[in-house]
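Summary of structural features
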Amino acid sequence: MSAPEYSDKNSVLREDLTFSYRLLTPANASGECLFVLHGSGVDETTMLPLARQTAPHTVIVAARGRIPQEDGFRWFERITPTSFEQTSIRAETAAFAQFAREAARQHGLDLQRATFLGYSNGANVVSSLMLLHPGLVRRAALLRAMPVLDTWPMTDLRGSRVLIVAGAADQTYGPFAPALVTLFSQRGAEIDARIVAAGHEFGDADAAIVRQWLAAPIAAA
């Protein structure tokens, strides 16, 4: 399979919406779109190679978290590596929900054909989006994620698909993966849970799993 061609405009950091972002549109775009959310302490560029690997003919929206951390950014404030500031989670998640709708409207994207791919802190935003803003996210791929809210609403997630990929050697987030699977299963989401031979970092094994999952036919409702 040949790599998709991108125009020079894809390298531009756009700042016309509530989150800074890059928009990558391949010449032979399929009509699908992929929102990608990075981990903590980095920026949106770290997710672009993974996004291109998993969805080469998809419009990619790579956004940047708004909370400064070290030399990069994160999506909401943390207290410890596994404890998070609840008001910050809800405020930033609501802001991202608005951003996703505005980006879709501005760039002619169909949110019904969108997948949200998040890693670590970014994956935790995606899971929060599903539960706090129902109907926005229909397909979510969560890499190295954990439950982050102290209380979760009993949102009806029937009709949504969720891929959860944990690292076998991820001692920080890995132990929380079963609780996340249970949380989404109880709310009716279609779950695909995987474990890869890795730590907290993502790599080629994750790309292969996400690519396979995206290519799978959607079950009839």
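Before reading further, recall that the structure is shown in the block above.
Being a predicted model, the structure only gives us computed values, none of them experimental.

So, on to the overall build of the protein. In terms of helices and strands, the protein carries five helices and 11 strands. Expected size for 221 residues packed as a compact globule is a radius of gyration near 17 Å; at 16 Å, the protein falls within 12% of this value. Across its three principal axes, the protein shows a C-alpha extent of roughly 40 × 40 × 30 Å. Counting the 221 residues in the protein, one finds 52% classified as buried. A sequence separation of at least 24 residues applies to 70% of the contacts in the protein between residues at least 6 apart. As presented, the protein carries roughly 9,900 Å² of accessible surface, and 52% of it is formed by carbon and sulfur atoms. One way to put it: in the protein the 20 positive side-chain charges average out to a point 6 Å from where the 22 negative ones average out.

One turn of the α-helix equals 3.6 residues, which is why residues spaced by three or four share an orientation. The terminal C-alpha atoms of helix α3 (residues 121-132) lie 16 Å apart, and with 12 residues this matches the ideal 16 Å at 1.5 Å per residue to within 8%. Buried residues dominate α3, accounting for 11 of its 12 residues.

Right, let's talk about the side chain of R22 for a bit. Within the secondary structure, R22 sits in strand β1 (residues 21-24). What makes R22 buried here is its relative accessible area of 14%. Engagement of the side chain of R22 in a polar contact is seen with the side chain of E44, the distance being 2.7 Å.

The subject of this paragraph is the packing of aromatic side chains. Tallied over the entire structure, the rule returns nine aromatic pairs. When the centroid spacing of 5.6 Å and the interplanar angle of 65° are considered together, the rings of F19 and F99 count as edge-to-face. Placement of F19 in the segment before β1 and of F99 in helix α2 (residues 86-107) is noted, with a sequence separation of 80 residues between them. F99 carries the same exposure label as F19, and that label is buried. Their ring planes at 90° and their centres at 5.4 Å tell us that F76 and F84 sit as a pair that is edge-to-face. Residue F76 shares its accessibility class with F84, and that shared class is buried. Taken together, the ring pairs connect F19, Y21, W75, F96 and F99 into an aromatic cluster. Over the face of the ring belonging to F19 we find R66, whose NZ or CZ atom lies 4.6 Å from the ring centre.

What follows covers the sheet that holds strand β9 (residues 139-143). Strand order in the open sheet made by the seven strands is β1-β3-β2-β8-β9-β10-β11, with mixed pairing throughout. Edge positions in the sheet fall to β1 and β11 (190-196), since each of these pairs with one other strand and no more. Between one strand and the next, the sheet's axes are offset by a mean angle of 15°, whatever the strand orientation. In the packing of helix α5 (residues 204-215) onto the sheet, the strands contacted are β8 (114-119), β9, β10 (161-167) and β11, and the crossing angle to β10 comes to about 165°.

It is worth spelling out the pairing of β8 at this point. Buried residues dominate β8, accounting for six of its six residues. Residues A114, F116 and G118 point to one face of β8 and T115, L117 and Y119 to the other, with burial holding for every one of them. Note: strand β2 (residues 33-37) against β8, five bridges, orientation parallel. Across the sheet, residue C33 finds its bridge partner in β8, namely A114. Summarising the sheet, β8 and β9 pair through four bridges and their orientation is parallel. Paired with F116 across the strands is A140, a residue of β9. The handedness of the β8 to β9 crossover, carried by α3, is right-handed.

Turning to the environment of A169, a few remarks are in order. By the element assignment, A169 lies in the loop between β10 and α4 (177-186). Spatially, the C-alpha atom of A169 lies 9.8 Å from that of E201, the residues being 32 residues apart in sequence. Excluding residues within four positions of it along the chain, A169 makes contact with A198 and G199.

About the criteria used
Residues numbered from 1 in each chain as written. Predicted model: local features only at pLDDT ≥ 70, side-chain atom pairs only at ≥ 80, totals over all residues. Heavy atoms only, no water. Helix = DSSP H or I, 4+ residues; strand = E, 2+ residues; numbered from the N terminus. Rg over C-alpha atoms; globule rule 2.2 N^0.38 Å. Buried < 20%, exposed > 50% of the residue type's maximum accessible area, 1.4 Å probe, protein only. Contact = heavy atoms within 4.5 Å. Areas by Shrake-Rupley, 256 points an atom, 1.4 Å probe, with all protein chains shown as cover. Lys, Arg positive; Asp, Glu negative; His and termini not counted. Charge placed at Lys NZ, Arg CZ, Asp CG, Glu CD. Expected span 1.5 Å × (residues − 1). Polar contact = N/O pair within 3.5 Å; in protein donor to acceptor, adjacent residues only side chain to side chain. Phe/Tyr/Trp six-rings, centres within 6.5 Å; stacked < 30°, edge-to-face > 60°. Lys NZ or Arg CZ within 6 Å of the ring centre and 35° of its normal. Pairing = 2+ DSSP bridges. Axes fitted to C-alpha atoms, helices over the stretch in contact; angles between N-to-C directions. Right-handed = clockwise from strand over helix to strand, strands pointing away.

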